[in-house]
Amino acid sequence: MKSNATLRMDVQNAIKRQPLLHADQIEVTADHGVVSLFGTVDSCAKKLEAENAASTVIGVKTLVKNIQVEFRDAFKNANGQMGGKVLKILMSNPCDRKR
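All figures in this text were calculated on a predicted structure; none of them were measured in a lab.

Once that is clear, we can look at the pattern of salt bridges. Throughout the structure, instances matching the rule amount to three salt bridges. Taking the shortest distance from any N to any O, the salt bridge between Asp10 and Lys2 comes out at 2.5 Å. A salt bridge links Lys46 to Asp42, with the shortest nitrogen-to-oxygen separation between them at 3.0 Å. With a relative accessible area of 13%, Lys46 lands in the buried category.

Before going further, it helps to spend a moment on the side chain of Lys47. Note on placement: Lys47 falls in helix α2 (residues 44-55). With residues near it in sequence (within four places) discarded, Lys47 still touches Val41, Ile67, Val69 and Cys95.

On to the nonpolar core. Across soluble globular proteins, nonpolar side chains show a tendency to be buried alongside one another. Core analysis: the biggest nonpolar cluster contains 22 residues, and Val11, Ile15, Ile26, Val35 and Leu37 have the highest contact counts within it. Elements with a minimum of two residues in this core: α1 (4-16), β1 (26-31), β2 (34-41), α2 and β3 (62-69). Excluding residues within four positions of it along the chain, Ile26 makes contact with Ile15, Leu37, Phe38, Val41, Ala50 and Ile67.

Take the environment of Gln18 next. By the secondary structure assignment, Gln18 is in the loop between α1 and β1. Take Gln18: its relative accessible area is 22%, and that puts it in the partly exposed class. The spatial distance from the C-alpha of Gln18 to the C-alpha of Ala53 is 7.5 Å, given a sequence separation of 35 residues. Beyond its immediate stretch of four places on either side in the chain, Gln18 contacts Glu49 and Ala53. Among the polar contacts made by the side chain of Gln18, one reaches the main-chain carbonyl oxygen of Ala14 at a distance of 3.2 Å.

Let us now look at α1. For α1, built from 13 residues, the straight-helix expectation of 18 Å at 1.5 Å per residue is met to within 8% by its first-to-last C-alpha distance of 18 Å. For α1, every residue scored as buried is listed here: Leu7, Val11, Ala14 and Ile15. Mapping the buried residues of α1 onto a view down its axis gives an arc of 100°, with all of them on the same face. For α1, the exposed residues set more than 90 degrees away from the buried face come down to Ala5 and Lys16. For α1, the elements touching its buried residues are β1, β2 and α2.

Our focus in this paragraph is the sheet that holds β3. Judged by pairing direction, the sheet is mixed, and its three strands sit side by side in the order β1-β2-β3 without closing on themselves. Of all the strands in the sheet, just β1 and β3 have a single pairing partner and so form its edges. Each strand of the sheet is rotated relative to its neighbour by a mean of 10°, with strand direction disregarded. Sheet topology places β2 next to β3; eight bridges connect them, and they run parallel. The residue bridging Leu37 from the neighbouring strand is Lys65, located in β3. Relative to the sheet, α1 contacts β1 and β2, its axis offset from that of β1 by approximately 150°.

Rules used in this analysis
- Residues numbered from 1 in each chain as written.
- Predicted model: local features only at pLDDT ≥ 70, side-chain atom pairs only at ≥ 80, totals over all residues.
- Heavy atoms only, no water.
- Salt bridge = Lys/Arg side-chain N within 4 Å of Asp/Glu carboxyl O.
- Buried < 20%, exposed > 50% of the residue type's maximum accessible area, 1.4 Å probe, protein only.
- Helix = DSSP H or I, 4+ residues; strand = E, 2+ residues; numbered from the N terminus.
- Contact = heavy atoms within 4.5 Å.
- Core = buried A, V, L, I, M, F, W, Y, C linked by side-chain atoms within 4.5 Å.
- Polar contact = N/O pair within 3.5 Å; in protein donor to acceptor, adjacent residues only side chain to side chain.
- Expected span 1.5 Å × (residues − 1).
- Arc of directions from axis to C-beta.
- Pairing = 2+ DSSP bridges.
- Axes fitted to C-alpha atoms, helices over the stretch in contact; angles between N-to-C directions.

So, in structure tokens, the structure goes:
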């Protein structure tokens with residue numbers, strides 16, 4: 001079994017190799033095969049890319065997904081609000097793959 005430090009480093013390296021991600025956006029912890037991801041990204045694609053990269057690392061038994069998605073200002077109108085219907089869809093579960 002890998003040490004916690006080695007597993008953490010392996011996951012961080014897997015995330016660094018992903019073209020959409022900046023490694024400084026994602027914090028990684030590891031504890032006996034349980035890997036937790038924390039951070040904030042601006043798209044579902046980035047969230048899923050980080051989660052997928054981490055899940056492929058040998059030694060990851062359980063992946064705790066705590067990455068938040070905060071959409072960029074491009075989705076907001078002049079008042080700083082998202083459109084009603086769009087907001088409801090995105091905020092219900094913005095990264096749900098089942099849609």
